[in-house]
Amino acid sequence: MTYTLVKCYSPYISKMDPCPPMLKKCFSTPPNLYIPFQPYNSEQFPTAREALYKGTLWTCLYDPYPLKREENLE
Amino acid sequence: MTHQKTLPDSYYQLMEQIQQVDFVLVELTLYLDTHPDDLDAINQFNQAAYESRQLKNTFEKQFGPLMQFGQSFSNYPWDWKEAPWPWQV
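Residues numbered from 1 in each chain as written. Chains lettered and ligands numbered in written order. Predicted model: local features only at pLDDT ≥ 70, side-chain atom pairs only at ≥ 80, totals over all residues. Heavy atoms only, no water.

An unreviewed UniProt entry annotates chain B as Polypeptide composition of the spore coat protein CotJB originating from Gracilibacillus boraciitolerans JCM 21714.

Some remarks on the overall build of chain B
Basically, it comes down to this: By definition, any uninterrupted DSSP run of H or I lasting at least four residues is a helix, any uninterrupted run of E lasting at least two residues is a strand, and each is numbered from the N terminus. The reference for a compact globule is 2.2 Å times residues^0.38; the radius of gyration itself is calculated from the C-alpha atoms. Each residue gets one of three labels from its accessible area relative to the maximum for its type: buried under 20%, exposed over 50%, partly exposed in between, using a 1.4 Å probe on protein chains only. Contacts between residues were defined by any pair of non-hydrogen atoms, one from each residue, lying within 4.5 Å. Exposure was quantified through the Shrake-Rupley algorithm and a 1.4 Å probe, taking into account, for residues, occlusion by the shown protein chains and nothing else. The charge count treats Lys and Arg as positive and Asp and Glu as negative. His and the chain ends do not count. Each charge is placed at NZ for Lys, CZ for Arg, CG for Asp and CD for Glu.
Looking only at helices and strands, chain B features two helices and zero strands. Compactness check: chain B gives a C-alpha radius of gyration of 16 Å against a globular reference of 12 Å for 89 residues, more than 25% above the reference. In terms of overall dimensions, chain B has a C-alpha envelope of 55 × 25 × 20 Å along the principal axes. By the burial criterion, 26% of the 89 residues in chain B qualify as buried. Within chain B, counting contacts between residues at least 6 apart in sequence, those at least 24 apart form 52% of the total. Accessible surface, chain B: about 6,600 Å² in total, of which carbon and sulfur atoms supply 58%. Considering chain B, the positive charge centre built from 5 side chains and the negative charge centre built from 12 side chains are found 14 Å apart.

Remarks on the packing of helix H1 (residues 9–34) of chain B against helix H2 (residues 39–63) of chain B
Residue and element names in this part refer to chain B. Formally: Lines fitted to the C-alpha atoms define the axes, with helices restricted to the stretch that makes contact. Angles between their N-to-C directions range from 0 to 180 degrees. Orientation labels follow simple angle bins: below 35 degrees gives roughly parallel, above 145 gives roughly antiparallel, 65 to 115 gives roughly perpendicular, and whatever is left gives oblique. Each helix crossing is assigned a hand: it is left-handed if the near helix lies turned anticlockwise from the far helix by less than a right angle, otherwise right-handed if that turn is clockwise.
Interhelical geometry of H1 versus H2 gives an angle of 155° and a closest axis separation of 9 Å. Classified by the angle between their axes, H1 and H2 sit roughly antiparallel to one another. Crossing of H1 against H2: the hand is left-handed.

Quick look at the confidence of the model for chain B
Put simply, the rule reads: The predictor attaches a confidence to each residue, and that confidence, scored 0 to 100, is pLDDT.
When pLDDT is averaged along chain B, the result is 92, and 97% of the positions lie at 70 or above. Taken together, the chains of this predicted complex give a pTM of 0.85 and an interface ipTM of 0.82.

Examining the side chain of Ser42(A)
All names here are of chain A. Among the secondary structure elements, Ser42 is positioned in the loop between strand E2 (25–28) and helix H1 (48–54). Given the relative accessible area of 12%, Ser42 is considered buried. In this view, Ser42 contacts Trp58 and Cys60; residues no more than four positions away in its chain are not counted.

Observations regarding the packing of aromatic side chains
This is how it is decided: Each Phe, Tyr or Trp ring (for Trp, its six-membered ring) is paired with any other whose centre lies within 6.5 Å, and the angle between the two planes then decides the class: stacked below 30 degrees, edge-to-face above 60, tilted in between. Criterion for a charge above a ring: Lys NZ or Arg CZ within 6 Å of the ring centre, and within 35 degrees of the ring normal.
Enumeration according to the criterion identifies 10 aromatic pairs over all chains in this entry. When the ring of Tyr9(A) is compared with that of Phe27(A), the centres are 6.3 Å apart and the planes differ by 50°; the resulting orientation is tilted. You can see Tyr9(A) sitting in strand E1 (residues 6–9) and its partner Phe27(A) sitting in strand E2, a full 18 residues away along the chain. Accessibility expressed as a relative area gives 42% for Tyr9(A), which makes it partly exposed. Judged by its relative accessible area of 38%, Phe27(A) falls in the partly exposed class. Summarising the aromatic geometry, the rings of Tyr11(B) and Phe63(B) are spaced 4.8 Å apart at their centres and angled 75° between planes, so their arrangement reads as edge-to-face. Taken as a pair, Tyr11(B) in helix H1 and Phe63(B) in helix H2 lie far apart in primary sequence, 52 residues in all. Residue classification places Phe63(B) among the partly exposed residues on the basis of a relative accessible area of 21%. What links up through ring pairs into an aromatic cluster is the set Tyr11(B), Tyr12(B), Phe59(B) and Phe63(B). Geometry around Tyr53(A) places Arg49(A) over its ring, the cationic atom sitting 4.3 Å from the centre. When the ring centre of Tyr62(A) is taken as origin, the NZ or CZ atom of Lys54(A), which lies over that ring, is 5.2 Å away.

Right, here's the structure in full:
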């Protein structure tokens, strides 16, 4: 996997900001952004149950959404 | 107070199996929309469709109709409005 599922940036903080500054903001970049066209017979999850619990039938499109609250707050 | 119909565990197990197969069908439908000539996926789709129908038949024999307007057979008496409804399960 050559891409990351989460990307972050640090917004500009002005001294005029009335509220406590947000040092880092992150957003989710799921795999489908990096796969222009889904390849033929790409690998699937072995069982339907696992596909249902993972939210996709295709392993290459699986995204655990690692974006946690604290990741945004740092 | 009317008698509350308690659901056996098999209700939930069967329901989850139906959910699993139907999810595979959703994924394959979306995949086949963009890959119409993928024979393996079509075979898998037909297999899953058959399996889904089987599961729904066994479910409906025990717990009553899942769908209406002729999608499911009816028991006697007409009982599709009986509890539990999907959000009450």
